[in-house]
Amino acid sequence: MNSCGSSGAHYNPAATNPVLLQEIRDLSAREDIDAVIVAPHWGVQDTPVNTAHTQAQVSMAKELAEAWATAIVGSHSHALEPFGKIITSDQREVFVHFS
């Protein structure tokens, strides 16, 4: 599966792919899977090191976390971006590294 979900649709920063969100929910519900780690290809390429992530990245990360992703490890900007955690509505802590 690619970072856009199994449908192969191109990532739209304004709306996280619903197929991807459902796949995360389905995988996280399985007893034989310990973690669902999502690796989105996002961000602005060649940004300076430690540049803040975009609002689209934050929104997508929150949606992925609420869908029960265990961790989110982004790539694309070719520079180290911030990392941290998202607290979900049910109080889970989800690690997110923007790039």
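Residues numbered from 1 in each chain as written. Predicted model: local features only at pLDDT ≥ 70, side-chain atom pairs only at ≥ 80, totals over all residues. Heavy atoms only, no water.

Re helix α2 (residues 55–66)
Now for step 1: For α2, built from 12 residues, the straight-helix expectation of 16 Å at 1.5 Å per residue is met to within 8% by its first-to-last C-alpha distance of 17 Å.
Now for step 2: On its buried face, α2 is in contact with α1 (18–29), β1 (37–38), β2 (71–73), β3 (83–87) and β4 (93–97).
Now for step 3: At the C-terminal side of α2, Trp68 shows a positive phi close to 85°. (Helix = DSSP H or I, 4+ residues; strand = E, 2+ residues; numbered from the N terminus. Expected span 1.5 Å × (residues − 1). Contact = heavy atoms within 4.5 Å.)

Structural notes on the pattern of salt bridges
Now for step 1: Applying the stated criterion across every chain, the model contains three salt bridges.
Now for step 2: Arg30 is the partner of Asp32 in a salt bridge, and the nearest nitrogen-oxygen pair spans 2.7 Å.
Now for step 3: In this structure Asp32 comes out as exposed when scored by relative accessible area, which is 56%.
Now for step 4: One salt bridge in this structure joins Arg92 and Asp90, with 3.2 Å as the shortest N-O distance.
Now for step 5: The partly exposed category is assigned to Asp90, whose relative accessible area is 38%. (Salt bridge = Lys/Arg side-chain N within 4 Å of Asp/Glu carboxyl O. Buried < 20%, exposed > 50% of the residue type's maximum accessible area, 1.4 Å probe, protein only.)

Observations regarding the nonpolar core
Now for step 1: If you look at the biggest cluster of nonpolar residues, it comprises 18 residues, and the most contacted ones within it are Ile24, Trp42, Ala61, Leu64, Ile72 and Val96.
Now for step 2: Among the secondary structure elements, those contributing two or more residues to this core are α1, α2 and β4.
Now for step 3: Ranked by residues supplied to this core, first place goes to α2 with five residues.
Now for step 4: In this structure Ile72 touches Val38, Pro40, Trp42, Ala61, Leu64, Ala65, Val94, Phe95, Val96 and His97, once residues within four positions along its chain are discounted. (Core = buried A, V, L, I, M, F, W, Y, C linked by side-chain atoms within 4.5 Å.)

Examining the environment of Gly43
Now for step 1: Take Gly43: it is sitting in the loop between β1 and α2.
Now for step 2: With 14 residues separating them in the primary sequence, Gly43 and Gln57 have C-alpha atoms 6.8 Å apart.

Quick notes on the confidence of the model for the protein
Now for step 1: Averaged over every residue, the pLDDT of the protein is 80; residues scoring 70 or more account for 77%.
Now for step 2: Of all helices and strands in the protein, the one with the weakest mean pLDDT is α2 (90), whereas β1 scores best (95).
Now for step 3: Contacts for the low-pLDDT stretch residues 1–11, under 50 throughout, to residues beyond four places or in other chains number 24 contacts. (pLDDT = per-residue confidence, 0-100.)

Description of α1
Now for step 1: For α1, which comprises 12 residues, the first-to-last C-alpha distance of 17 Å matches the rise-based estimate of 16 Å (1.5 Å per residue) to within 8%.
Now for step 2: Among the residues of α1, those classed as buried are Leu20, Leu21, Glu23 and Ile24. Within α1, the buried residues cover an arc of 160° as seen down the axis, which keeps them to one side. Across α1 from its buried face, at more than 90 degrees, point the exposed residues Pro18 and Ala29.
Now for step 3: Looking at the buried positions of α1, the neighbouring elements they touch are β1 and α2.
Now for step 4: Taking the backbone nitrogen of Val19 as reference, a side-chain oxygen 2.7 Å away marks Asn17 as the first, capping residue of α1. (Arc of directions from axis to C-beta. Polar contact = N/O pair within 3.5 Å; in protein donor to acceptor, adjacent residues only side chain to side chain.)

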